[in-house]
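Coordinate analysis (summary)
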Amino acid sequence: MKITVLTLFPDMITPVIGQSIIGRARYENKIQIDVIDYRAYSLNKHQKVDDAPYGGGAGMVLQVEPVVRALRAIEGHEKALKILMTPQGEPYSQPRAQALSKADHLIILCGHYEGFDERIRAYFDTEISIGDYVLTGGEVAALVLIDSTIRLIPGVLNKDASHEEDSFSDGLLEYPHYTRPPTFEGQSVPEVLLSGHHQAIASYRRAESIKRTRKRRPDLYESYVKRQKKP
Ligand code: ADE
């Protein structure tokens, strides 16, 4: 998979994608991430990419021209899935990450300033929000999308680190995990996990997963119950 990030702040992206699992996946050529500063595509002599809003009002608006020029300079942009990061987008979720992890090429635009020229929307296929809050720009949101998508690409995680058991992958939260020591300050690891009885462990984990989802995320639990009732 290839990801091209369009940003005015490459330094918010570059150090993060050099680290940990994403860094390793890039090093091993399992993914390619290009970070492009679209300020370089401004035609303004001061390389400005924003201007005051027509009709007045506070703040500055990202201009359409540098964004479209930057987009068109990306090789394969016609076929890529072009994503706009915005709090007005579709709420991001694990199923969306799963769908994106199958794409060949993603182009992600990180907005900045008070907003962006509405005409930019026409050049993008989809708009994604990572939650109902407003960030200073789309960079952190783009990193969330990149991180959650890349770990689902086959071969990126260790082969025994299964994401089939991730929280949300089957619509439930994940079961609790424990490791040594067996007892710490009065808290003990549940007996069943020490039993070596694989079937009992699997049932315990499933039950805990359901219990936890019911308690913490009644919305997810309700959908789970509905799915179970389907013939
Ligand atoms: N840019 C600013 N806030 C955002 C959000 N919540 N999701 C995606 N992009 C954003």
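These figures come from a predicted structure and were not determined experimentally.

With that out of the way, let us pick up the packing of aromatic side chains. Throughout the structure, instances matching the rule amount to 1 aromatic pair. Summarising the aromatic geometry, the rings of Y221 and Y224 are spaced 6.3 Å apart at their centres and angled 40° between planes, so their arrangement reads as tilted. Taken as a pair, Y221 and Y224 lie in helix α8 (residues 218–229) at a separation of 3 residues, close to a single helical turn. Under the relative-accessibility criterion, Y224 is labelled buried at 9%.

Turning to the pairing of strand β6 (residues 105–110), a few remarks are in order. Within β6, 6 of the 6 residues are buried, leaving the element largely enclosed by the surrounding structure. With 5 bridges joining them, strand β1 (residues 2–7) and β6 adopt parallel strand pairing. Within β6, the position partnered with T4 by the bridge is I107. Relative to β6, strand β5 (residues 81–91) runs parallel, the two sharing 5 bridges. Residue pairing across strands places K82 opposite I107, the latter belonging to β6. The β-α-β motif built from β5, the intervening helix α4 (residues 94–100) and the parallel element β6 has right-handed crossover chirality.

The biggest cluster of nonpolar side chains holds 26 residues, and the ones touching the most others in it are I3, I33, M85, L145, I146 and I150. Those elements that place two or more of their residues in this core are β1, α2 (20–27), β5, α4, β6 and α5 (139–150). The dominant element in this core, judged by the number of residues it contributes, is α5, at 6 residues. When near neighbours in sequence (up to four residues on either side) are disregarded, L145 contacts I83, M85, Y92, L100, L106, I108 and I128. In this structure, L6, I36, I74 and L84 belong to the second largest nonpolar core, which totals 19 residues.

Thresholds applied
- Residues numbered from 1 in each chain as written.
- Predicted model: local features only at pLDDT ≥ 70, side-chain atom pairs only at ≥ 80, totals over all residues.
- Heavy atoms only, no water.
- Phe/Tyr/Trp six-rings, centres within 6.5 Å; stacked < 30°, edge-to-face > 60°.
- Helix = DSSP H or I, 4+ residues; strand = E, 2+ residues; numbered from the N terminus.
- Buried < 20%, exposed > 50% of the residue type's maximum accessible area, 1.4 Å probe, protein only.
- Pairing = 2+ DSSP bridges.
- Right-handed = clockwise from strand over helix to strand, strands pointing away.
- Core = buried A, V, L, I, M, F, W, Y, C linked by side-chain atoms within 4.5 Å.
- Contact = heavy atoms within 4.5 Å.

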